[in-house]
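# Structure at a glance
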Amino acid sequence: MSSWRSLLLRIGDKCPEYGTSSDFKEHIETCFGVLRRELEHSANDILPFLLQCAEQLPHKIPLYGTVVGLLNLENEDFVRKILENTQTNFQDALDSENCDRIRILMRFLTAMMCSKVLQPASLVVVFETLLSSAATTVDEEKGNPSWQARGDFYVTCILSCLPWGGLEFVEQVPEEIERVMVGIEAYLSIRRHNSDTGLSFFEEYDDESGKDASEKDFLEDLWDRIQVLSSNGWKVDSVPRPHLPFEAQLVAGKSHEFGPINAPDQPEPLSQLAGVLYGKQKHHAELKYCQRIHRLNIFPASKTEDMEPIDRFIMEEYLLDVLLFLNGCRKECASCMVGLPVPFRYEYLMAETIFSQLLLLPQPPFKPIYYTLVIMDLCKALPGAFPAVVAGAVRALFEKIADLDMECRTRLILWFSHHLSNFQFIWPWEEWAYVLDLPKWAPQRVFVQEVLEREVRLSYWDKVKQSIENAPALEELLPPKGGPNFKYSLEEGKERTEQHALSAELITKVKGRQTAREIISWVEESVFPHHGLEAALTVVVQTLIDIGSKSFTHLITVLERYGQVIARICHDQDKQIMLIAEVSSYWKNNAQMTAITIDRMMGYRLISNLAILRWVFSPANTEQFHISDHPWEVLRNAISKTYNRISDLRKEILTLKKSVVSAEDAAAKAKAELDAAESKLTLVDGEPVLGENPAKMKPIKSNAEKTKEEEISVRDSLEAKEALLARALDENEALFLSLYKNFSNVLMERLPDASKAQTLGALKSIQADEMIVDLDESSEMEVDNENGRPKKSQSNGEKASNVYKVGDKEQWCLSTLGYVKAFSRQYASEIWPHIEKLDAEVFSENAHPLFLKAVYSGLRRPVIETSSS
């Protein structure tokens, strides 16, 4: 017989523990029979394990609820303890704002109510407590509507319990549950409609005010689904009801009450419902109570037509919970996702849900690599179905790539290239060969180009070229094949200059293991005076990078050993920009090594983030903003490294603060021990003397001194780290000020006058409108001389239908505005503390409306705030 742990863990699965049976009733009877016997001597182990299973395998909650119901017939005290523990865990989750735990424990309580363990009225009280808190939060007079995210979350949790227990509520406490439904309807009438602005996968090109009014947000949509469920008699195909075969037994058990719970305190009311403070608090609330899914909707409705509206919501809950709790075991995760307890096929919904998480904004719950592995395992688990569904998702996203958010586009490129690398780079590239007929700035062409470039990074050039043999013309989009571009290479036929000699001399010195100090002396005494600073910089940087070009390890070794030489020459921002330019020149055929080298140099503080920023916004790079990811990759790395430094310092300060408290306690305890010893009367030679025996006093005094020194040392470390954090935050402020000033400047140069383009749709259509005018004029001019009728201009017609209709300049603006929004969204938590200064210096009335709209969209900040802040 398998252990009770295995039976609890594997209940509902096709597995050896339950033989060949897949019947829920048999599983529950087997598991209950073993648990009943084990309760006598393992109750203290069973209780926490059962709760852990219910929390971390929530798609099996109806099964665990039924098992608890049967245990209730045998051992009421044990089940009472389960409820007491659940109540404690639930209150802790509310206090610590643990959203996933709150939601899942409410579902578990609902399942126990269905199994007659919990009185329905007790659960209604829980619902009403949360509903009352939500209603108070969004009340403009008593509450703080900036925290609406919390109210919405509570109401979502209540509604999400109803597919699991709505029928039981209606049968047992119809008036109470009707009161809850009326309360939810009242809440929906006073809350603000939640706009997806800034978090939508696809750009909205027209004025969004009409869209927001007509399109339902997540909570409104869920309410509609619950209404349909209610009108269908609360029948749900996707929720198993394993308690029904045991109902005659379960009614004999005692239904317990659930202790009272307290919703967290309301946030402090705001004096005005707009402005910077409102924006900051709204951002903070949405971080804590974020919406766990935004629907991607890339497949036609016919792919999921077998499902009722509520089934989609339930399937998403199942899939997201499996992804959440089995993130450490990808094989188990894929296995669970494939075997969910539903009577219909759901491959398309599963793919859509995984892609919605991979592309979720502002960031996915887990690192993108996790979703890559899950998709890979699902393709292997369902070889006849899932690979085709994934390919369909890729094609659907490729068709809409021009509208896809820039951050989502980058993630899709990284995922797709990695995915193909795990399947021998096989893809029907001939389907996309037509992108070569598009202008170089067309998003579909750029997408193919970037995917191929990333594939080369994951493999090698010839292998990727071989993979596109069905569309050989696409070789044009492959990155250059060449290696380093060393200015002082000793190739035959290449003219030798004095700088070649200097480079060769430097190589000899490095090979001779000369120290950084010796090389600095050589540069200052022999190179500067005769050749000038620029030549010295070029020779030193090019030569050292060449020495470190063989591998990542070689690069690190060179930077560690001779970084001081570079730092001595590139001591200010202008020189650092020249340094970056030399790195870019050396690795002009390898974007990956350019990014890695710049990143490492920033890590060793040879280059500042502001220097990288200035280089990215130099004319040569800004021209590439819409046709290449290279400058954006360097900028992303620089901002990310700055952010990570601050995050690391905050973690270290948190740890040090705890250490200070421990050190203070230890020092106080040692001091008290010393004081007690010194005040003690001791007999020495028969005479009473104040103080402990000298032999005993020495270690006590030594310990007191040592603990005091440790306390001072930890305090000094804390002060040093806090000073570093203050400096890092100042640098961060300067970085974002410079970033937005640069964005504003380059956009003002290229964006059309605000009167011509107030929306992205208007901006996008400028070139298309011009093209239509040109076509009309040309067709009018082409008149057949014989009969006076206009000729058919097939070539022009084909050209108009095939060519991407957004112009070079307009696409540059669209792409750059997309990145403005992406950076604002990703680093919103770091930007909000500096918003007053940014408002004063950058986000003023003089800034272009489309630029401001992109920033506010990324920060999820209403545009109207500018007047009230």
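My aim in this report is to walk through the structure given alongside it, one point at a time.

Conventions used here
- Residues numbered from 1 in each chain as written.
- Predicted model: local features only at pLDDT ≥ 70, side-chain atom pairs only at ≥ 80, totals over all residues.
- Heavy atoms only, no water.
- Helix = DSSP H or I, 4+ residues; strand = E, 2+ residues; numbered from the N terminus.
- Expected span 1.5 Å × (residues − 1).
- Buried < 20%, exposed > 50% of the residue type's maximum accessible area, 1.4 Å probe, protein only.
- Contact = heavy atoms within 4.5 Å.
- Axes fitted to C-alpha atoms, helices over the stretch in contact; angles between N-to-C directions.
- Parallel < 35°, antiparallel > 145°, perpendicular 65-115°, else oblique.
- Left-handed = near helix turned anticlockwise from the far one by under 90°.
- Nonpolar A, V, L, I, M, F, W, Y, C, P; charged D, E, K, R; others polar.
- Phe/Tyr/Trp six-rings, centres within 6.5 Å; stacked < 30°, edge-to-face > 60°.
- Core = buried A, V, L, I, M, F, W, Y, C linked by side-chain atoms within 4.5 Å.

## So, helix H15 (residues 347-358)
Over its 12 residues, H15 extends 16 Å from the first C-alpha to the last, a length consistent with the 16 Å expected when each residue adds 1.5 Å. The element H15 is extensively covered by neighbouring structure, given that 11 of its 12 residues are classed as buried. Taken together, the buried positions of H15 are occupied by Glu 347, Leu 349, Met 350, Ala 351, Glu 352, Thr 353, Ile 354, Phe 355, Ser 356, Gln 357 and Leu 358.

## What about helix H16 (residues 368-381)?
Between its terminal C-alpha atoms H16 stretches 20 Å, which fits the 20 Å expected from 14 residues at 1.5 Å a residue. Within H16 the residues assigned to the buried category are Tyr 370, Tyr 371, Thr 372, Val 374, Ile 375, Met 376, Asp 377, Leu 378 and Cys 379. On its buried side, H16 packs onto helix H13 (309-325), helix H14 (330-338), H15, helix H17 (386-399) and helix H18 (406-421).

## Quick look at the environment of Arg 636
Summarising the element assignment, Arg 636 is placed in helix H28 (residues 630-678). Relative accessible area serves as the criterion here: at 18%, Arg 636 is assigned to the buried category. Considered as a pair, Arg 636 and Glu 582 are 54 residues apart in the sequence and their alpha carbons are 20 Å apart. When sequence neighbours within four positions are dropped, the list of residues in contact with Arg 636 reads Thr 410, Arg 454, Asp 629, Tyr 819, Phe 823 and Tyr 827.

## Let's talk about the packing of helix H26 (residues 609-616) against H28
Relative to each other, H26 and H28 sit at 160°, their axes nearing to 10 Å. With respect to each other, H26 and H28 are oriented roughly antiparallel. Crossing hand, H26 versus H28: left-handed. Counting all contacts with H26, which are made through Asn 609, Ile 612, Leu 613, Trp 615 and Val 616, the residues of H28 involved are Pro 631, Val 634, Leu 635, Ala 638 and Thr 642. Looking at side-chain class alone, the contact of H26 with H28 contains 8 nonpolar, 2 polar and no charged residues.

## Thoughts on the packing of H18 against helix H19 (residues 443-458)
A pair of packed helices can be characterised by two numbers: the angle between their axes and the separation between those axes. Look at H18 against H19: their axes get within 9 Å of each other, and the N-to-C directions meet at 45°. Here H18 lies oblique to H19, going by the angle between them. Considering the relative orientation of H18 and H19, their crossing is right-handed. Contact residues: H18 offers Arg 409, Leu 412, Ile 413, Leu 414, Phe 416, Ser 417, His 418, Leu 420 and Ser 421, while H19 offers Pro 443, Phe 447, Glu 450, Val 451, Arg 454, Glu 455 and Leu 458. Residues that form the contact of H18 with H19 fall into these classes: 9 nonpolar, 3 polar and 4 charged.

## Description of the packing of aromatic side chains
Going through the model one piece at a time under the given rule, you end up with 37 aromatic pairs. Ring geometry for Phe 398 versus Trp 432: centroids 3.9 Å apart, planes at 20°, classification stacked. Highlighted residues: Phe 398 in helix H17 and Trp 432 in the loop between H18 and H19, separated in sequence by 34 residues. Look at Phe 398 and you get buried, because its relative accessible area is 0%. Judged by relative accessible area, which is 3%, Trp 432 ranks as buried. Members of the aromatic cluster, each reached through a chain of ring pairs, are Phe 355, Phe 398, Trp 415, Phe 416, Trp 427, Trp 429, Trp 432 and Phe 447.

## Quick word on unusual backbone geometry
Here the bond from Leu 361 into Pro 362 is cis, since omega is 5°, no more than 30 degrees from zero. If you trace the backbone, Pro 362 turns up in the loop between H15 and H16. Although it is not a glycine, Lys 116 adopts a positive phi angle of roughly 65°. Here Lys 116 shows up in the loop between helix H5 (99-114) and helix H6 (120-138). Given the relative accessible area of 14%, Lys 116 is considered buried.

## Focus on the nonpolar core
Within the largest apolar cluster, 260 residues are counted, with the highest numbers of intra-cluster contacts made by Trp 429 and Phe 851. Here Phe 851 is in contact with Tyr 740, Phe 743, Ser 744, Leu 747, Leu 817, Val 820, Val 842 and Phe 843, once residues within four sequence places are set aside. By size, the runner-up hydrophobic cluster in this structure holds 9 residues, among which are Ile 646, Leu 649, Leu 656 and Leu 725.

## Let's talk about the environment of Asn 644
Structurally, the position occupied by Asn 644 is in helix H28. With a relative accessible area of 37%, Asn 644 lands in the partly exposed category. When the C-alpha positions of Asn 644 and Ser 844 are compared, they lie 30 Å apart, and in sequence the two are 200 residues distant.

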